[in-house]
Amino acid sequence: MQLSFSPAEEKIREVAREFALKEVAPLAEEIDKQGRYPMETVQKMVKVGFTGIGVPEEYGGSGGDEVTKAIVVEELAKKCGSTAAILSIQGILAQAILNFGTEEQKQFYLPQLTSGGKIGAFALTEPNAGSDAGAVRTRAVKDGDDYVITGTKCFITSGGQADYVLVFALTEPAKGLRGMSAILVAKGTPGFSVGKVEDKMGIRASETVELIFDNCRVPQSNLLGKEGKGFSIAMILLDGARIGVAAQALGLAQGALDESVKYMKERSQFGGPIARLQGLQWYIAEMATKTEAARWLMYRAASLKAQGLPHSKEAAMAKLNASENARFVTNLALQIHGGYGFMTDYPLERMLRDAKITEIYEGTSEIHKVVISRAVLG
Ligand SMILES: Cc1cc2nc3c(=O)[nH]c(=O)nc-3n(C[C@H](O)[C@H](O)[C@H](O)COP(=O)(O)OP(=O)(O)OC[C@H]3O[C@@H](n4cnc5c(N)ncnc54)[C@H](O)[C@@H]3O)c2cc1C
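A. Representation of the packing of aromatic side chains within the structure. Under the counting rule described, the total for this entry stands at 11 aromatic pairs. Between Phe108 and Tyr109 the ring centres are 4.9 Å apart and the planes differ by 85°, which places this aromatic pair in the edge-to-face class. The exposure class assigned to Phe108 is partly exposed, which follows from its relative accessible area of 47%. Cluster of aromatic residues (ring-pair linked, three or more members): Phe5, Trp296 and Tyr299. The ring of Phe5 carries Arg13 above its face, with NZ or CZ at 5.0 Å from the centroid.

What follows is the structure, given as structure tokens:
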């Protein structure tokens, strides 16, 4: 058993760390305050190859696997939760096409989504279908060689920026979950529009929007995978996406811990640095220990996925643990910064706000407990 990173993985961490420091950290506060999608940073991530991780070079990707991806997301999240979230979601559409697309779809979409600078989104959630994803009501009715899609998706990350959206819709409603299909819809298709843009507590620079499909006609060749397999495609993609959220949560926790260590050595009260106060030292011990545990649970799940081994339970455990830890650590980190932590001049309040979403999206903590308990109880 090995619990170490390869030289290639250490190298990508170095590249990601430097990128986060030079390109992500300087914008983090501004884009959070403005709630602005950082297209300029996204295009820089395209140039350095981050958007192509996990996709073979023959399709415009940069190679690497789930571990490589998690390393980059972790490093980005140390400085900006929004940027890390944007990269994670971008990867889901590419993975969907790589795993379920025809050769023609791979050759058409993947180079655009990896090295071509096009943006992707994953649209499953609806106003009445959140945790209960099987309650999706969006319809895709066959008409000649087309599907005509009607329905509303909500809370879709990068939805307003997306050039391509993977939409989950019922092609045969009578069949329930087995009547759901995954269909690709391109920006600009008549009948497809962006509705409400959400104003959020955290990850404010990762755009979250409503998508409206009103008799939106797409060719049947836009179907991804087999008709009726949409729900199982969504669940498989979510298993991978949960590792991405766990990596975001890990990065936020590690970033907040790093800030706290620095601050405790600088800040002086009662005649010396607050780092000498045992009450705060114990906070650091707990934060560091729990974060290390979250790290290895997450990289274990990533490593299982990279080896093509079952990872559904492990991804759920990693996400549940890392997200709860991110809230715990960012909250204590703010506490360590006292009143300054509460001010927007410091990144702690942003980190705490950004950490909260990791307990909600790609499945809430409660849903993860359902997944884990089912796997354990059988
Ligand atoms: C910022 C943001 C970005 C998002 N991005 C995307 C995206 O890109 N694509 C996409 O498709 N979706 C996206 N989502 C949707 C997200 O995945 C859902 O919000 C999430 O799955 C929860 O669904 P819900 O909000 O409808 O809550 P609900 O399902 O209504 O849950 C309400 C409460 O009930 C609990 N609950 C529900 N069922 C159970 C159960 N069986 N047992 C115990 N407790 C239960 C939940 O845990 C929660 O506490 C995003 C959401 C947010 C907030």
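Now that the structure has been shown, we can carry on.
B. Just the site of the ligand, in detail. In the vicinity of the ligand there are 19 residues, among which Thr125, Ser131, Phe155, Thr364 and Glu366 approach most closely. The backbone of Leu124 places a nitrogen or oxygen atom 2.9 Å from an oxygen atom of the ligand. In this structure, an oxygen atom belonging to the ligand sits 2.6 Å away from a side-chain N or O atom of Ser131. Coverage of the ligand by the protein amounts to 65% of the 980 Å² it exposes when considered alone. Those elements that provide at least two residues to the shell around the ligand are β1 (120-123), β3 (146-157) and α11 (365-377). Class assignment of the residues belonging to the shell around the ligand gives a composition of 10 nonpolar, 6 polar and 3 charged. Each of two domains, domain 2 (120-228) and domain 3 (231-377), supplies a minimum of three residues to the shell around the ligand.

C. Just the state of the cysteines, in detail. For the coordinates displayed, the defined rule picks out 0 disulfides. Cysteine Cys154 is unpaired, with the sulfur of Cys216 as its nearest cysteine sulfur at 18 Å.

D. Just the nonpolar core, in detail. Judged by nonpolar contacts, the single largest core of 59 residues is most densely connected at Phe50, Val72, Leu76, Met287, Met298 and Tyr299. The set of elements that each furnish at least two residues to this core consists of α1 (7-34), α2 (39-48), α3 (66-79), α4 (81-100), α6 (230-266), α7 (278-306), α8 (312-336) and α10 (348-356). Among the elements that line this core, the one with the most residues is α6, at 11 residues. Setting aside residues up to four positions removed in sequence, Met298 forms contacts with Ala70, Ile243, Ala246, Ala247, Leu250 and Ala318.

E. Molecular detail of the packing of α8 against α10. Where α8 contacts α10, the axes come no closer than 9 Å and their chain directions differ by 165°. The angle between α8 and α10 places the two elements in the roughly antiparallel class. In the crossing of α8 with α10, the sense of the turn from one axis to the other is left-handed. On α10, the residues that touch Ala326, Arg327, Thr330, Asn331, Ala333 and Leu334 of α8 are Leu348, Glu349, Met351, Leu352, Ala355 and Lys356.

F. Local environment of the pairing of strand β4 (residues 164-170). Where burial is concerned, most of β4 is hidden: 7 out of the 7 residues are buried. Pairing between β1 and β4: 4 bridges, direction parallel. The residue of β4 that forms the bridge with Ala121 is Val165. Sheet analysis places β4 next to strand β5 (residues 180-186), joined by 7 bridges and oriented antiparallel. Directly across from Val167, in β5, lies its bridge partner Ile183.

Conventions adopted
Residues numbered from 1 in each chain as written. Predicted model: local features only at pLDDT ≥ 70, side-chain atom pairs only at ≥ 80, totals over all residues. Heavy atoms only, no water. Phe/Tyr/Trp six-rings, centres within 6.5 Å; stacked < 30°, edge-to-face > 60°. Buried < 20%, exposed > 50% of the residue type's maximum accessible area, 1.4 Å probe, protein only. Lys NZ or Arg CZ within 6 Å of the ring centre and 35° of its normal. Near = heavy atom within 4 Å. Polar contact = N/O pair within 3.5 Å; in protein donor to acceptor, adjacent residues only side chain to side chain. Areas by Shrake-Rupley, 256 points an atom, 1.4 Å probe, with all protein chains shown as cover. Helix = DSSP H or I, 4+ residues; strand = E, 2+ residues; numbered from the N terminus. Nonpolar A, V, L, I, M, F, W, Y, C, P; charged D, E, K, R; others polar. Domains from an automatic or database assignment. Disulfide = S-S within 2.5 Å. Core = buried A, V, L, I, M, F, W, Y, C linked by side-chain atoms within 4.5 Å. Contact = heavy atoms within 4.5 Å. Axes fitted to C-alpha atoms, helices over the stretch in contact; angles between N-to-C directions. Parallel < 35°, antiparallel > 145°, perpendicular 65-115°, else oblique. Left-handed = near helix turned anticlockwise from the far one by under 90°. Pairing = 2+ DSSP bridges.

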